[in-house]
Number of protein chains: 2
Amino acid sequence: MESLHLVDGGAAELENLLLDLGRRARRASRVLALAPPEQKNRALTAAAEFLRTRTAELIGANAQDMARAKEKNLAPSMLDRLALDEKRIASMAQSLIDIAALPDPVGRVLDVFERPNGLRIERVATPLGVIGVIFESRPNVTADAGALCLKAGNGAVLRAGSESFHSSRLIHACLVEGLKAAGLPEDCIVLIPTRDRAAVGAMLAGLGGNIDVIVPRGGKSLVERVQSEARVPVFAHLEGIVHLYVDSDADLAKAEKILLNSKLRRTGICGATETLLVDRAGADRLLAPLVKTLLDAGCEVRGDAAALAVDSRVKPASAQDWSTEYLDAIISVKLVDGVQGAIDHIETFGSHHTDGIVTENQAKADKFQREVDSAIVIHNASTQFADGGEFGFGAEIGIATGRMHARGPVGVAQLTSFKYVVHGDGQTRA
Amino acid sequence: MESLHLVDGGAAELENLLLDLGRRARRASRVLALAPPEQKNRALTAAAEFLRTRTAELIGANAQDMARAKEKNLAPSMLDRLALDEKRIASMAQSLIDIAALPDPVGRVLDVFERPNGLRIERVATPLGVIGVIFESRPNVTADAGALCLKAGNGAVLRAGSESFHSSRLIHACLVEGLKAAGLPEDCIVLIPTRDRAAVGAMLAGLGGNIDVIVPRGGKSLVERVQSEARVPVFAHLEGIVHLYVDSDADLAKAEKILLNSKLRRTGICGATETLLVDRAGADRLLAPLVKTLLDAGCEVRGDAAALAVDSRVKPASAQDWSTEYLDAIISVKLVDGVQGAIDHIETFGSHHTDGIVTENQAKADKFQREVDSAIVIHNASTQFADGGEFGFGAEIGIATGRMHARGPVGVAQLTSFKYVVHGDGQTRA
């Protein structure tokens, strides 16, 4: 099976091949940047059609990946992510159709201003360039990430997890068929054709100046490596240590409903709440019912002294708990001194991803939303709304906690840059 | 005089001092991020007042720098940049007042959208964090850069050119007095207190995660070093190889006026035109008068065969000329095949900074402005409008040719990030 590595030569040969891929993606991206919306959408809908007609073949390729993964004793959760069936393939194809249906983000006039000398200056959205996406076992990311980059007029260099090698190759082939059907260069979406991990290093170094931004899609160790090694900008978040602060002026019923949804709707996503902070001034009224609600719903609660006192099922929290992203049905619970205490705790232990407040007091909500330095700050709603789809972005390639360029959900609009287009009538500068 | 280095210890001691400066700037930036506009403006106007009252002292400190610079045989142009007099100090103070008068960029609601479930999502401008500014001999950049960072709520770590050591220290002292007068932490604007060039390396590495973006202000070799070594994002342009394309459908009088201003108004700025491209189809009508206009105005012309043929004063252009930023009264001139030929030339030899077209044909202007991949693309106006002040940004810290976050003139608004503020009324996610 290893013969399917397209590169069997040494390190130098691999490096040359990768640099060549980068150059090809850059060249193709220049054509794509100027492609009209209809042409990009045609490529996406054609690719969806290829995915549908090649479903049986895809299931076969996936079976090869699954067999190898089982041999290597991959965890059941990883196997589940890797698996493709008819339903998953149909949904992957549908998501290409959905992305095609999004408004085109390129060419939007983001701003326009007129100068006293009559110059009219427009700020117009342009593609970013070439985006490198490094992802783990889910093969559908090949389609999703490639499609989002394409929609925003960007070249894409995709590096699929080695477990999904055969599945990703075939999905990529469908994307390339789509590009060809629409008359776009096939190098608009390039897939790294090797399992060699050296390819990741080459991408993080920017493939000879041919990658403008890297998006890692995967677990903490991947993101950590990318953030520490990348020589190009990265759109990512390392973790979502998400807090929900329930204030003394909260409506208890609303707080319970929001808390349950924030913690337990899905526990494995980055917007899931990991720590509940309760206002000391409202503890008598709020703490016991909130903690019991969680426990009764099957959530493990690790609490401070006050939380321990309300129910024998509560376990003691260690110092470690305040900075742990459980991604599981576990929550840490702590009393804090009002909204300022909540802000202090969040700024000390948080990850600047998403944090929420429940209160009927608008002044306190304002203070919290102004002073908590996170990408998303939510008042009286579930923290699980931290999602590009829920924001109306249509689809997201990830959520960023960096402060540069993109912050929060990264959808097609966030995958664009801009330029200034200046309209004159003979003006010269004094 | 070397005793004024505040650090006389070894490399480890310097490193610790620098990391400590970074931490202090980060801590101060958190306070500054939440400071109301009036408090920031008070700091700026107070600093302006200190600059005015300490003018004599400043001239004395500058005399020390000038004496040392003359000893080291600095070029006359460098000496001119370094020199301070009453007028320059007054203008430096005035620019702080002008920056104080700009609209506050923090807290602007950049976007707002309402979701079908009733969630209202605002995108609100926040400070970026801590900005590192590395500049060469002009001491006034200490005041300008510090003030622009402050206005946008950012901490600043300033590294002044070693030639301006004493001048910059005293200007920085005035800024700190201003911060203190306004009740802001003095570490909001930190000046690297050593001439040791190792400090630049430490800043480019991010001072232990305490610098979010670097802005180099200086010549090409500084920018080159910063762009190749920085481990944090950089707002900069390496050079401005600016083109003016005069199309066959151009109005000749307008073209002459725009060309003269684009090339000769000031030759040393990044928006000055370096190459004139003339449409072959209009060469008979346009080339000779344009070339003669330049020559008669005292500009050296280096041309291709066609340009050489129109006037004996024209010198032959070498291959090198098409990618040279003269920053002087020299221009290269070439015929190209229409707007497509101009675009091809610019994409091959340009620096993605600023490029212009002169034409009365709107379709050709549209094509040029859409397809030229530069930060600023100008139709029928001087390329010297590439400037934050001319764009109405009030003041700029530089012009960026990178595609991430800021592109084009970088004013106070471009020194901000944003966050999403979500307003709910009990919404949970399905």
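The model shown is predicted, which means the values in this text are computed figures rather than measured ones.

What follows concerns the overall build of chain A. A count of helices and strands for chain A gives 14 helices and 16 strands. Here the C-alpha coordinates of chain A stretch approximately 75 × 65 × 40 Å along the principal axes. Residues counted as buried form 59% of the 430 residues belonging to chain A. Intrachain contacts of chain A at a sequence separation of at least 6 include 72% that bridge at least 24 residues.

Quick look at the sheet that holds strand β10 (residues 315-316) of chain A now. Overall, mixed pairing links the 10 strands, which are arranged β10(A)-β9(A)-β11(A)-β8(A)-β7(A)-β12(A)-β13(A)-β16(B)-β2(B)-β1(B) in an open sheet. Either end of the sheet is taken by a strand with one partner, and the two such strands are β10 of chain A together with β1 (109-114) of chain B. Sheet topology places strand β2 (residues 120-127) of chain B next to strand β16 (residues 416-427) of chain B; eight bridges connect them, and they run antiparallel. Its bridge partner being in β16 of chain B, Glu122 of chain B is matched across the sheet by Val421 of chain B. Those strands touched by helix α11 (residues 283-296) of chain A are β7 (242-246), β8 (273-279), β9 (300-303) and β11 (330-336) of chain A, and its axis lies near 155° from that of β8 of chain A.

Another aspect to go through is the interface of chain B and chain A. On the chain A side, the residues contacting the 67 residues of chain B number 67 residues. Interface area, chain B with chain A, both sides summed: about 5700 Å², of which 49% is carbon and sulfur. Among the residues chain B hides against chain A, the three largest losses belong to Met404, Tyr420 and Arg429 of chain B. Together they make up 15% of the total. Where chain B touches chain A, the interface holds six salt bridges.

Residue and element names in this part refer to chain B. Assignment of secondary structure puts Arg280 in the loop between β8 (273-279) and α11 (283-296). Residue class for Arg280 comes out partly exposed when judged on its relative accessible area of 46%. Filtering out sequence-adjacent residues up to four positions away, Arg280 remains in contact with Leu335, Val336 and Asp337. Of note is the side chain of Arg280, whose polar atom sits 2.7 Å from the side chain of Asp337.

A few words now on the side chain of Thr354 of chain B. All names here are of chain B. Inspection of the secondary structure puts Thr354 in strand β12 (residues 354-358). By relative accessible area, Thr354 is classed as buried at 0%. A polar contact of 2.9 Å, which involves the side chain of Thr354, links it to the side chain of His353. Ignoring anything within four residues of it in the chain, the contact list for Thr354 reads Val242, His243, Ser374, Ile376, Ile378, Thr383 and Ala386.

Our next topic: the UniProt feature "domain: Aldehyde dehydrogenase" (unreviewed entry) in chain A. Taken from the UniProt record, the annotation "domain: Aldehyde dehydrogenase" (unreviewed entry) applies to residues 23-294 of chain A. A distance of 53 Å separates the end C-alpha atoms of residues 23-294 of chain A, which is 51% helix and 17% strand.

A word on the packing of aromatic side chains. Per the counting criterion, the structure on display carries 12 aromatic pairs over all chains. Between the aromatic rings of Phe113 of chain A and Phe393 of chain B, the centroid separation amounts to 5.9 Å while the plane-to-plane angle is 55°, which identifies the pairing as tilted. Note that Phe113 of chain A is positioned in strand β1 (residues 109-114) and Phe393 of chain B in the loop between β13 (376-381) and β14 (398-400), a pairing that runs across two chains. Exposure class is identical for Phe113 of chain A and Phe393 of chain B. Each is buried. A network of ring pairs unites the aromatic residues Phe113, Phe418 and Tyr420 of chain A together with Phe391 and Phe393 of chain B as a single cluster. Sitting over the ring of Trp322 of chain A, Lys334 of chain A keeps its end group 5.2 Å from the ring centre. Here the basic side chain of Arg123 of chain B rests over the ring of Phe418 of chain B, its NZ or CZ set 4.7 Å away from the ring centre.

Right, let's talk about the relation of the copies chain B and chain A for a bit. Both copies of the chain are related by a screw-like operation: a rotation about an axis and a shift along it. For these two chains of identical sequence, chain B goes onto chain A by a turn of 180° and a shift of 0.0 Å along the axis, with RMSD 0.0 Å. What the rotation and shift describe, once combined, is the action of a two-fold rotation axis. No C-alpha of chain B approaches the rotation axis more nearly than that of His405 of chain B, which lies at 1.9 Å. Most of the interface of chain B is mirrored in chain A, where 100% of its interface residues are also at the interface.

Next up on the list: unusual backbone geometry. One can expect most non-glycine residues to show negative phi and most peptide bonds to be in trans. Of note, His405 of chain A is a non-glycine position whose phi angle comes to about 70°, a positive value. With respect to the helices and strands, His405 of chain A occurs in the loop between β14 (398-400) and β15 (408-410). A positive phi is found at Leu327 of chain B, a non-glycine position, where the angle reads about 50°. Taking the relative accessible area as the measure of exposure, Leu327 of chain B reaches 37% and is therefore partly exposed.

Next up on the list: the packing of helix α6 (residues 140-151) of chain A against helix α7 (residues 165-181) of chain A. Two quantities define a packed helix pair, namely the angle between the axes and the distance from one axis to the other. Residue and element names in this part refer to chain A. Where α6 contacts α7, the axes come no closer than 9 Å and their chain directions differ by 30°. Judged by the angle between their axes, α6 and α7 are roughly parallel. Judged by the twist between their axes, the crossing of α6 over α7 is right-handed. Seen from α6, the contacting residues are Thr142, Ala143 and Leu150; seen from α7, they are Ser168, Ile171, His172, Leu175 and Leu179.

Residues and elements named next belong to chain A. Axis separation between helix α2 (residues 37-53) and α6 bottoms out at 10 Å; the angle between their running directions is 165°. In terms of their interaxial angle, α2 and α6 are classed as roughly antiparallel. Read as a crossing pair, α2 and α6 show a hand that is left-handed. Contacts between α2 and α6 involve Lys40, Asn41, Ala43 and Leu44 from the first element and Ala147, Leu150 and Lys151 from the second. Looking at the contact of α2 with α6, its residues break down into four nonpolar, one polar and two charged.

Procedures and definitions
Residues numbered from 1 in each chain as written. Chains lettered and ligands numbered in written order. Predicted model: local features only at pLDDT ≥ 70, side-chain atom pairs only at ≥ 80, totals over all residues. Heavy atoms only, no water. Helix = DSSP H or I, 4+ residues; strand = E, 2+ residues; numbered from the N terminus. Buried < 20%, exposed > 50% of the residue type's maximum accessible area, 1.4 Å probe, protein only. Contact = heavy atoms within 4.5 Å. Pairing = 2+ DSSP bridges. Axes fitted to C-alpha atoms, helices over the stretch in contact; angles between N-to-C directions. Buried area = accessible area lost by both parts, 1.4 Å probe. Salt bridge = Lys/Arg side-chain N within 4 Å of Asp/Glu carboxyl O. Polar contact = N/O pair within 3.5 Å; in protein donor to acceptor, adjacent residues only side chain to side chain. UniProt positions renumbered as here; feature names shortened; annotations may be inferred. Phe/Tyr/Trp six-rings, centres within 6.5 Å; stacked < 30°, edge-to-face > 60°. Lys NZ or Arg CZ within 6 Å of the ring centre and 35° of its normal. Least-squares fit on C-alpha atoms with pLDDT ≥ 70 in both. Parallel < 35°, antiparallel > 145°, perpendicular 65-115°, else oblique. Left-handed = near helix turned anticlockwise from the far one by under 90°. Nonpolar A, V, L, I, M, F, W, Y, C, P; charged D, E, K, R; others polar.

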